[in-house]
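Coordinate analysis (summary)
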Amino acid sequence: EAGVAQSPRYKIIEKRQSVAFWCNPISGHATLYWYQQILGQGPKLLIQFQNNGVVDDSQLPKDRFSAERLKGVDSTLKIQPAKLEDSAVYLCASSETEAFFGQGTRLTVV
Amino acid sequence: GQNIDQPTEMTATEGAIVQINCTYQTSGFNGLFWYQQHAGEAPTFLSYNVLDGLEEKGRFSSFLSRSKGYSYLLLKELQMKDSASYLCAVRNDYKLSFGAGTTVTVRA
């Protein structure tokens, strides 16, 4: 069974630039999550989708972050403009019961 | 919101047993999960509890008490490869939230 796919694996950008991350969940998983994990901390939920609808985005900084899940499958997370404090690993996960994680995108903002 | 607390660090000797506690406060509880995360890697699923009691899976066991808002992960016969961060995660009606993680260091 194919796992959760994410790209890119690494990204380095300058502050105020924009960046986008892509996620392809496990086939058939209706729930998709985007987490931000800063070094030494646990994953912080940014947004959760059920099919193509948003069920929670309370911790998403909506002035700069946006996410969509078209057709209830793939999802993209965008940051525009990026700040230094956005440097983190961005994890995508999908689930039926337990969540399965992709390898993540390590973002460095300089 | 959900408050999830777990110790920051624990150290144990190879072959020993370690118990990682997790306490939580949430409404609409719908399951507790434990994940293992090695440095630089994504979290991987270890166990799931939704009813009170002990779930055993090989060297790893997880316990849940819903009335106390308490869970623990028990790691037996510790191996060097068990050195990692262990994350407690709680699902309420629809949202899956994680604690800060417990870094376990296994020493020879």
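Residues numbered from 1 in each chain as written. Chains lettered and ligands numbered in written order. Predicted model: local features only at pLDDT ≥ 70, side-chain atom pairs only at ≥ 80, totals over all residues. Heavy atoms only, no water.

1. Focus: the overall build of chain B
Selection rule: A run of DSSP states H or I qualifies as a helix once it reaches four residues; a run of E qualifies as a strand once it reaches two. Both are numbered from the N-terminal end. Put simply, the radius of gyration uses C-alpha atoms, and a globule should come to 2.2 Å times the residue count raised to 0.38. Note on classification: 1.4 Å probe, protein chains only; a residue is buried when its accessible area is under 20% of the maximum for its type, exposed when over 50%, partly exposed between these limits. Here, two residues are considered to be in contact whenever any of their heavy atoms come within 4.5 Å of each other. Every accessible area reported is derived by Shrake-Rupley at a probe size of 1.4 Å, with residue values counting cover from the shown protein chains alone. Residues scored as charged are limited to Lys and Arg (positive) and Asp and Glu (negative), so that His and the chain ends carry no count. Charge positions come from single atoms, namely NZ of Lys, CZ of Arg, CG of Asp or CD of Glu.
Scanning chain B from N- to C-terminus turns up 0 helices and 11 strands. Reading the secondary structure of chain B in the N-to-C direction produces β-β-β-β-β-β-β-β-β-β-β. Relative to the compact-globule value of 13 Å for 108 residues, chain B shows a C-alpha radius of gyration of 13 Å, a close match. In terms of principal-axis extent, the alpha carbons of chain B reach across some 40 × 30 × 20 Å. For chain B, buried positions account for 48% of its 108 residues. Long-range contacts, defined here as pairs at least 24 residues apart, represent 54% of the contacts in chain B between residues at least 6 apart. Of the roughly 5,200 Å² of accessible surface on chain B, 46% is carried by carbon and sulfur atoms. Here chain B holds 9 positive side-chain charges and 10 negative ones, and the gap between their average locations is 3 Å.

2. What to know about the nonpolar core
Applied cut-off: As used here, the term nonpolar core means buried Ala, Val, Leu, Ile, Met, Phe, Trp, Tyr and Cys residues forming a set that is joined through side-chain atoms within 4.5 Å.
Phe21, Trp34, Leu77, Ile79, Tyr90 and Leu107 of chain A are the most contacted members of the largest nonpolar core, which has 21 residues in total. Listed by contribution, the elements that provide at least two residues to this core are strand S3 (19-24), strand S4 (31-37), strand S5 (44-50), strand S8 (75-79), strand S9 (88-95) and strand S11 (105-109) of chain A. Residues contacting Leu77 of chain A, with those up to four places away along its chain left out, are Val19, Ala20, Phe21, Trp34, Leu46, Leu60, Phe65, Ser66, Ala67 and Tyr90 of chain A. Within the second largest apolar cluster, 20 residues are counted, among which are Ile4, Val18, Leu75 and Val106 of chain B.

3. Some thoughts on the sheet that holds strand S1 (residues 3-5) of chain B
Residues and elements named next belong to chain B. Heads up, the condition is: A pair of strands is treated as paired once DSSP finds two or more bridges between them. For helices, the fitted axis covers only the stretch in contact; all axes are lines through C-alpha atoms, and the angles between them, taken along N-to-C directions, range from 0 to 180 degrees.
If you trace the 5 strands from one edge of the open sheet to the other, you get S1-S3-S8-S7-S6, paired in antiparallel fashion. Each of the sheet's edge strands pairs with one partner strand only, and the pair in question is S1 and strand S6 (53-57). With strand direction ignored, the average angle separating the axes of adjacent strands in the sheet is 15 degrees. Pairing analysis gives 6 bridges linking strand S3 (residues 18-25) to strand S8 (residues 70-75), with the strands arranged antiparallel. In the sheet register, Gln19 faces S8, and the bridge partner there is Leu74.

4. Here we look at the sheet that holds S8 of chain A
Strands in a sheet are paired, the pairing made by backbone hydrogen bonds, and the direction either parallel or antiparallel. Residues and elements named next belong to chain A. If you walk across this open sheet you meet the 4 strands as S1-S3-S8-S7, and the pairing is antiparallel. Of all the strands in the sheet, the pair left with one neighbour each is strand S1 (5-7) and strand S7 (65-68). Neighbour-to-neighbour, the strand axes of this sheet turn through a mean angle of 15 degrees, independent of strand direction. Where S1 meets S3, 3 bridges bridge the pair, whose relative direction is antiparallel. Within the sheet, the bridge partner assigned to Ser7 lies in S3 and is Trp22.

5. A short note on the environment of Leu39 of chain A
Positionally, Leu39 of chain A belongs in the loop between S4 and S5. Residues Leu39 of chain A and Ile13 of chain A lie 26 residues apart in sequence; the distance between their C-alpha atoms is 18 Å.

6. Re unusual backbone geometry
Each neighbour pair has its own omega, and for Ser7 of chain A with Pro8 of chain A the value is -5 degrees, a cis peptide bond. With an omega dihedral of -5 degrees, the bond running from Gln80 of chain A to Pro81 of chain A counts as a cis peptide bond. Along the chain, Pro81 of chain A turns up in the loop between S8 and S9. Backbone geometry places Lys71 of chain A, a non-glycine residue, at a positive phi of 60 degrees. Within the fold, Lys71 of chain A resides in the loop between S7 and S8. Phi is positive for Glu77 of chain B, close to 50 degrees, though the residue is something other than glycine. Given a relative accessible area of 54%, Glu77 of chain B falls into the exposed group.

7. Things to note about the pattern of salt bridges
Residue and element names in this part refer to chain B. We apply this condition: Any Lys or Arg side-chain nitrogen found within 4 Å of a carboxyl oxygen on Asp or Glu counts as a salt bridge.
Evaluated as defined, the whole model comprises 6 salt bridges over all chains. Between Arg66 and Asp52 there is a salt bridge, and its shortest N-O distance comes to 3.0 Å. Within this pair, whereas Arg66 is found in the loop between strand S7 (60-65) and S8, its partner Asp52 is found in the loop between strand S5 (44-49) and S6, the two being separated by 14 residues in sequence. The partly exposed category is assigned to Arg66, whose relative accessible area is 42%.

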